[in-house]
Amino acid sequence: MQILIDTDSRKRRKAPGLFLLPGALLAPTLIIVFVVLLYPAACTIFFSLTDKTMADTTYSFIGLKNYSNLFSDPKFWMAFQHSIIFTLVAGSLNILLGFGTALLVNRAIPFRGLFRSLLLIPWVMPHIVTGLMFRWLYNDFYGYLNYLLIHAGLIEKPILFLVDRAFVWLAVILPTVWYEYPFVMLMFLAALQSISPDLYRAAKVDGANAFQQFLHITLPCLKQAFLLNGLLQIIFMFKSFNLVWILTQGGPGDRTELLSTLAYRHVFEGFSTGYGSAVATVIFLVLFAVSIVYLASPAIRSEEP
Amino acid sequence: MTSYRRMIQILTQVLLFCGVLGVTVLLLFPAIVAFGTSFKPMGEIFTQTPTIFPHEPTLAAYKKIFCMPEFPRFLLNSFIISGLTALIVIIAALLAAYTLTFTRFPGKKFIRQMILMTYMFPAVTLVIPLYFFAHRLDLLDSYQILIFADLSFALPIAVWLMAGYFEKFPLELVKAARVDGCNPLQIIRHIIIPVMKPGITAAGIFSFILAWSEYLFSLTLTLTDESRTISAGMHYCLMGNYRTDYGLLTAASTIIVIPVVILFALLQKFIVGGLTEGSLK
Amino acid sequence: MSELRLEHVSKRFGRNLVLDRVNLDIRDGELMVILGPSGCGKSTLLSIVAGIEDLDSGIICLNGQSIGHLPPRNRDMAMVFQNHALYPHMNVYENIAFGLRMHKVSAEEIRTRVNEVAVMLEIEHLLKRKPRQMSGGERQRVAMGRAIARHPQIFLLDEPLSSLDAQLRTQIRTEIKKLHAKLGITMVFVTHDQFEAMTLSDRIAIMDRGRIVQVGTPDEVYHHPMTTFVATFLGNPSMNLISARYDASTCSLHLAHDGGTVLPTKSTPPLPACLIGFRPEHVRLEEQGDLVLDGSVDVLEPTGSDAFALIDCHGLAVKARCSNGELSVGRRIRLAIASEHLHVFDAASGNRV
């Protein structure tokens, strides 16, 4: 009995100290995360329930009206469709190219380190540089792309990549893959290097050839990496904005309009903040839902510690 | 027989090397031609048969850039904003990563995951309210608001990187320092910072690179050239008045990209290691 | 004077009770070894004494004053870690001086003390070296020096020898014992190695699953184990334990495997189910004894001068020590154990009867 009382009093005395130190050291980060991430995100959700405009400081709560307008707006559905297609196509290409380059520079070749560094360059280039560079490469008179295509005999007259409705998606996805594949490559490289060489030795002893080793060791060991890269690509591509905005601003017409450009346009050009916020909230909610489903799925969970 | 097999081996190696070389050149082609073009005189740029490297190299485009009043201003703005962002990020992330790695308290795992999950927040979602705050607080077109906005992506990734490095830091050293009489700030100052200097620098540099490349916030939250960073600056100049000056475009690109590539190459080992380490466990 | 007293010290990690009401008295100048298998909580106990871990409940007293709530810097203790924990960015001098600097010792005093321990541990020539430029033994010595220079009241050592190779381990073990005799300081030494514990300690505290099960001199714990855990944990090969049933009417024990062999006993177990324990070295190859068993040799493990034999006694495996060459596999023999070497334990609780 004596001991029990002692225990309780000590616990009570200690409780504040338990949070004091971590609290003090975490405070700067937590405050920043709150001010620049959580609070703004909450505000956007709140704005989406109001009739706020760019100019007005007074606005009123209108419930889900923005959303009901949104869901009956064909432009929204088209942008949604564009976003999904863009995510799937660009994301898959990123994973394919990233995986391929990772396999290449994982082999023992001279100057391997240099090649790895070089292949990472597109990733560290600012998007504005990438975007403007590709605009120039697409140019109908002085662009390299048209020049090369004409000289290869593939086309007869220059293609207006950013204007031609048939080619504009290609023109947007190409630089997107160009800047994003190195990140995927990095993730796959790390995963490839974490596979124990003993597994390959064991497979060789068991008589597996190079292709069989790839099929029965490399691919199964990369399952986690594929799942993770899949999730990250869905997130990054679905919310991507910069390249499309720099290259086409959603055009020509609304041919390359994504949810992100639609939201931006409504808030900063169309001046209907509430409506634009609703679009931004939809992006956020979709990503949130995808992440939850992904992280809760047995495939990911099974191998977590 | 053995020499035949050896031949095959060497041949495979050579083919593989050529393959990697080919893929690298192909992928870097846009960057290579841009770099080459930045040294071309006007006449070579605007020709129907473009070349990769200039026949008569010239620094004309670079001279022109530095004679434009805006461009040095953009560079300075970017430098100050990215530098201060990196500084704040290093301090905050260091304290946070220390706490998240070496202390035990309820809710730690939740906070760690929450910081990581913020990576999912679309920038478009954040920029809307940030614009209105800045407007209300009269911070539009200021360094402060851009630094704040940049923290939204730079800080979580830096905490993530540093926490990853610290996990490999021997716990016994922290214990020894505590027995030697250090408080947490002394442990960070005397033990963690000196031992983890490369990792901490790498996280800081990475924040700098991210802030240096940032586009959307700078585009939205600035009004004049006074505080515009290089990304927004290029957006306005090269999509506006200087739309077709490709010499200017490629030279500016080179100036912006070169420091980033050098910084990244120097610390690549740490940045790449830290980024991929925790995520693939 | 430096006496350490632990009362009802408990610690939980999540749902896991790591320390369960630990009581321990450590006397002034004593070398106390805390011995136990990995995961028994011995290192956690040491961390709690040092103040690196908080305790959930209980009292820690140094010279009669409660120190359980103090941060490590105010406890006046020094610690040597398993992997030495030398600061990699500091040279040996700075490593030894660091704790003193943190305790605001004057620069002059620091110099004197560092030189003093450097001479004592014969590491003067290493003072300018960084940890990575030294061998394991040298690092170990610097780690010791770092602790000694603090002039602590209590000296804590957490498995300091386990990262060394076998030969060095013996050497440093002797040095620690010498050092303890010379400094006369109170030491708490944590290890999982029974040989280290036996050779070093004044007294041993044996831990099992968060509790201290027995405290005593090496002889006491070896020859008079209080539980079956202590009995089997100490000694290599470990003690033989055989099941028996106590018959209260005749005051005797019946061996469970054949029921035949009867052994009179003075002790009175609480329950009929008992365990009889005896050490391999106490098994003699004789016809006569208090406990006699018949069997045949199953396996022989020569170790040089001696050999250990695994003997099958009608389904009961008994380990015995004999001289090398005395036995051969398959031979039928008779074993005898004197009653003073028999230990009786209650089968349910494992406690000595």
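As a reminder, the structure under discussion sits directly above these lines.
The structure contained in this document is the topic of the report that follows.

Rules and cut-offs
Residues numbered from 1 in each chain as written. Chains lettered and ligands numbered in written order. Predicted model: local features only at pLDDT ≥ 70, side-chain atom pairs only at ≥ 80, totals over all residues. Heavy atoms only, no water. Contact = heavy atoms within 4.5 Å. Buried area = accessible area lost by both parts, 1.4 Å probe. Polar contact = N/O pair within 3.5 Å; in protein donor to acceptor, adjacent residues only side chain to side chain. Helix = DSSP H or I, 4+ residues; strand = E, 2+ residues; numbered from the N terminus. Patch = residues over 30% accessible without salt bridge, like charges linked within 9 Å, V, L, I, M, F, W, Y side chains within 5 Å. Areas by Shrake-Rupley, 256 points an atom, 1.4 Å probe, with all protein chains shown as cover. Salt bridge = Lys/Arg side-chain N within 4 Å of Asp/Glu carboxyl O. Buried < 20%, exposed > 50% of the residue type's maximum accessible area, 1.4 Å probe, protein only. Pairing = 2+ DSSP bridges. Axes fitted to C-alpha atoms, helices over the stretch in contact; angles between N-to-C directions. Phe/Tyr/Trp six-rings, centres within 6.5 Å; stacked < 30°, edge-to-face > 60°. Lys NZ or Arg CZ within 6 Å of the ring centre and 35° of its normal. Lys, Arg positive; Asp, Glu negative; His and termini not counted. Parallel < 35°, antiparallel > 145°, perpendicular 65-115°, else oblique. Nonpolar A, V, L, I, M, F, W, Y, C, P; charged D, E, K, R; others polar.

### Thoughts on the interface of chain B and chain A
In this complex, chain B contributes 91 residues to the contact, which on the side of chain A involves 90 residues. The junction of chain B with chain A conceals about 8,000 Å² of combined surface from both sides, 82% of it contributed by carbon and sulfur atoms. Applying the counting criterion to the chain B and chain A interface returns ten residue pairs in polar contact (both at pLDDT 80 or more). Per element, the largest residue contribution to the side of chain B that touches chain A is 15 residues, and it comes from helix α1 (residues 2–37) of chain B.

### A closer look at a nonpolar patch on the surface
There is a patch of nonpolar side chains on the surface, built from A:Ile84, A:Ile85, A:Leu88, A:Val89, A:Leu93 and A:Leu96 and spanning about 530 Å² of accessible area. Assignment of secondary structure puts A:Leu96 in helix α3 (residues 74–106).

### A word on the pattern of salt bridges
All names here are of chain B. On inspection of all chains with the given rule, the structure shows 20 salt bridges over all chains. Here Asp245 makes a salt bridge to Lys64, at a shortest N to O gap of 2.3 Å. One end of the pair, Asp245, is in the loop between α12 (230–238) and α13 (246–279); the other, Lys64, is in helix α3 (residues 60–67), and 181 residues separate them in sequence. A relative accessible area of 9% places Asp245 in the buried class. Overall, the relative accessible area of 34% leaves Lys64 in the partly exposed class. With its nearest N and O atoms 3.0 Å apart, the salt bridge here joins Arg228 to Asp225.

### So, the sheet that holds strand β12 (residues 252–255) of chain C
Residue and element names in this part refer to chain C. Taking strand neighbours across the sheet as the criterion, the five strands line up as β13-β12-β11-β14-β19 in an open arrangement whose pairing is antiparallel. Edge positions in the sheet fall to β13 (262–264) and β19 (343–346), since each has one partner strand and no second. With strand direction ignored, the average angle separating the axes of adjacent strands in the sheet is 40°.

### Here's the deal with unusual backbone geometry
The step from C:Asn236 to C:Pro237 runs through a cis peptide bond, and the omega angle for that step is -5°. Summarising the element assignment, C:Pro237 is placed in the loop between α8 (228–233) and β11 (240–247). Of note in this structure, A:Phe111 is not a glycine but carries a positive phi near 60°. Mapped onto the fold, A:Phe111 is located in the loop between α3 and α4 (112–124). Phi at C:Lys104 is positive, roughly 60°, even though this residue is not glycine. You can see C:Lys104 is positioned in the loop between α2 (92–102) and α3 (107–120). For C:Lys104, a relative accessible area of 70% corresponds to the exposed category.

### Topic: the packing of aromatic side chains
Applying the stated criterion to the full structure yields 49 aromatic pairs over all chains. Look at A:Tyr39 and B:Phe133: their rings are 5.4 Å apart centre to centre, the planes differ by 10°, and that puts the pair in the stacked class. Note that A:Tyr39 is positioned in helix α1 (residues 2–47) and B:Phe133 in helix α6 (residues 123–136), a pairing that runs across two chains. A relative accessible area of 13% places B:Phe133 in the buried class. Ring geometry for A:Phe241 versus A:Tyr264: centroids 5.0 Å apart, planes at 50°, classification tilted. Here the residue A:Phe241 occupies a position in the loop between α10 (223–238) and α11 (242–247), and A:Tyr264 occupies one in helix α12 (residues 259–269), the gap between them amounting to 23 residues. Residue classification places A:Tyr264 among the buried residues on the basis of a relative accessible area of 6%. Cation over ring: A:Lys52 sits above A:Phe47, and NZ or CZ is 5.3 Å from the ring centre.

### Remarks on the side chain of B:Lys108
Residues and elements named next belong to chain B. Turning to its location among the elements, Lys108 is positioned in helix α5 (residues 108–117). Look at Lys108: it is buried, it has no salt bridge, and the nearest opposite charge is Glu167 at 7.1 Å. When sequence neighbours within four positions are dropped, the list of residues in contact with Lys108 reads Thr99, Leu100, Thr101 and Thr103.

### Regarding the packing of helix α5 (residues 127–137) of chain A against α12(B)
Running from amino to carboxyl end, α5(A) crosses α12(B) at an angle of 25°, the nearest separation of the two axes being 9 Å. On the basis of the axis angle, α5(A) is roughly parallel to α12(B). Contacts between α5(A) and α12(B) involve A:Ile128, A:Val129 and A:Leu132 on the former and, on the latter, B:Ser231, B:Met234, B:His235 and B:Leu238. Among the residues forming the contact of α5(A) with α12(B), the class breakdown is five nonpolar, two polar and no charged.

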